[in-house]
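Residues per chain are reported as follows:
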Amino acid sequence: MKSFRQLGVAEKIVEALARRGVETPFAIQELVIADGLNGQDLLAKSPTGSGKTLAFAIPIVQRIDPKGSRPSALVLVPTRELALQVADEFASIGPARGVKVAAVYGGTPVFAQGKRAKDAHVLVATPGRLQDLAERKLIRLDGIEILVLDEADRMLDMGFQPQVDAIVKRLPRKRQTMFFSATLDGEVGELARSYTFNPSRYDAELPAHLESGETEHRFVSVTPENKVETLVALLKEERGLALVFTRTKRGADRLVQKLKRHDVAAVAMHGDMNQNARERALTRFEEGKVSTLVATDVAARGLDLDDITHVINFDPPADDKGYVHRVGRTGRAGRDGIGITLVLPEQQADVSHVARKVGEAAQFEAQGMRVARPRLVYSGTRRSSKWGAPAKRRKI
Ligand code: ADP
Ligand code: MG
């Protein structure tokens, strides 16, 4: 294993990282940083929680010229929360080289944001708002030397391709492009190829904490009648912060109400809430005032909370990748984590594939649940929900 120094990271940045407790590179960082520093285009496939942000933030902070007077690096992300989190990571190392970062996202006044952003060296932006700013000429993109697409698969799922295309057209052709995605199959792969030149490809497997057995995976058989009560019992017996997933925004709101009736305080987080409401919910959860956060996949994307002790799938994830994304949010930073999935009878066959993937097929059967035979063919990039109605892709 190499150190940040051995990968070519500058001393000042190494020190800034150490000050925030980042001492040794994660796998994806070890794979990507040297190429990133060399200006090489790259495609990287790596799950949530694997440390992708620093994998691109470190090379950007080290490579760009802090004397520049217009933005020279652009990171596109699918959601506002992610824009803020990625910008925070930049802010933790940027000052080491005088690099300024600005987050650009919708739902806030456009002129004020344009003003703040136009002098930043690094823009971390959601595609819609950035395109808006560029069209109004409130921001210049002709100085961009490094482009990152973070969670590119999710940007496509959310229907951002037209905006992303329009933005990329405005950028200099001579640039470095780093492409991060949970999958590089199908459409996402095509996009990756069209935006990059002769890229290196990297694939980091499951985040170490999910693979190492530090995360416990439980599968609980439920019926429609006892599903909520089962969740209530789990939440009451466990102490710590629980992140509960539902499939839909309405499902999240409804579940919060039902929990309330059982004297369990919970807050919801989803795309129909305005920015302030989402941040308020998140803050109450982070500060431990409310120990249960009910979220949809998209809203929880990029949520970066080290203290989550339980991830509970009230509705199962769409597939095993979805499972990794969700349960990858617990057991971070060396803590123990637990992933619990509630399984209705008609969901058993599909969820059993997930159970097998995390090595818990025996536990699944011990619960009296049916295990389906191994699936030989995986569906492509389209994440059609096998559990119930087709997954809505926009604004979940
Ligand atoms: P991803 O984008 O792959 O989902 P993040 O970049 O958000 O993952 O990183 C997940 C968490 O791990 C963050 O809290 C981040 O600060 C932390 N982290 C990243 N790299 C390291 C490292 N090398 N050592 C310790 N913590 C790290
Ligand atoms: Mg990320």
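Residues numbered from 1 in each chain as written. Chains lettered and ligands numbered in written order. Predicted model: local features only at pLDDT ≥ 70, side-chain atom pairs only at ≥ 80, totals over all residues. Heavy atoms only, no water.

S.K.: Talk me through the sheet that holds strand 6 (residues 176-181); I want residue IDs and the actual numbers.
M.R.: Taken together, seven strands build an open sheet; the order of strands is 3-4-2-5-6-1-7 and the sheet is parallel. Bordering the open sheet on either side are strand 3 (101-104) and strand 7 (200-203), each of which pairs with just one other strand. If you compare each strand with its neighbour and ignore which way they point, the axes differ by 15° on average. Bridging between strand 3 and strand 4 (residues 122-125) involves four bridges; their strand directions are parallel. (Pairing = 2+ DSSP bridges. Helix = DSSP H or I, 4+ residues; strand = E, 2+ residues; numbered from the N terminus. Axes fitted to C-alpha atoms, helices over the stretch in contact; angles between N-to-C directions.)

S.K.: I'd like a rundown of the sheet that holds strand 8 (residues 215-221), residues and numbers included.
M.R.: Sheet architecture is open: six strands sit in the order 8-13-12-9-11-10, paired in parallel fashion. The open sheet has two edge strands with one neighbour each: strand 8 and strand 10 (267-269). The mean angle between the axes of side-by-side strands here comes to 20°, regardless of whether they run parallel or antiparallel. Relative to strand 13 (residues 337-343), strand 12 (residues 308-313) runs parallel, the two sharing four bridges. Counterpart to Ile-312 in the pairing with strand 13 is Ile-340. Contacts from helix 11 (residues 227-237) reach strand 8, strand 9 (241-245), strand 11 (292-295), strand 12 and strand 13, with the element oriented near 165° to strand 13. (Contact = heavy atoms within 4.5 Å.)

S.K.: Which residues make up the site of ligand 1, and what values go with them?
M.R.: Within the structure, ligand 1 sits among 18 residues, and Arg-20, Thr-24, Gln-29, Gly-49 and Thr-53 are positioned closest to it. At 2.8 Å, a side-chain N or O of Gln-29 approaches a nitrogen atom of ligand 1. Look at ligand 1: alone it shows 570 Å² of surface, and the protein chains cover 86% of it. Element by element, the count of residues in the shell around ligand 1 is highest for helix 3 (residues 52-63), at three residues. (Near = heavy atom within 4 Å. Polar contact = N/O pair within 3.5 Å; in protein donor to acceptor, adjacent residues only side chain to side chain. Areas by Shrake-Rupley, 256 points an atom, 1.4 Å probe, with all protein chains shown as cover.)

S.K.: I'd like a description of the pattern of salt bridges, backed by residues and values.
M.R.: Enumeration according to the criterion identifies 14 salt bridges in this entry. With a shortest N-O distance of 2.8 Å, Arg-5 and Glu-11 are connected by a salt bridge. For Glu-81, the salt bridge identified is with Arg-278, shortest N-O distance 3.2 Å. Here Glu-81, found in helix 4 (residues 80-93), pairs with Arg-278, found in helix 13 (residues 275-286); they are 197 residues apart in sequence, far enough to count as distant. Classification of Glu-81 by relative accessible area gives buried; the value is 6%. Here the salt bridges do not stand alone but share partners, grouping Arg-70, Arg-140 and Asp-142 into one network. (Salt bridge = Lys/Arg side-chain N within 4 Å of Asp/Glu carboxyl O. Buried < 20%, exposed > 50% of the residue type's maximum accessible area, 1.4 Å probe, protein only.)

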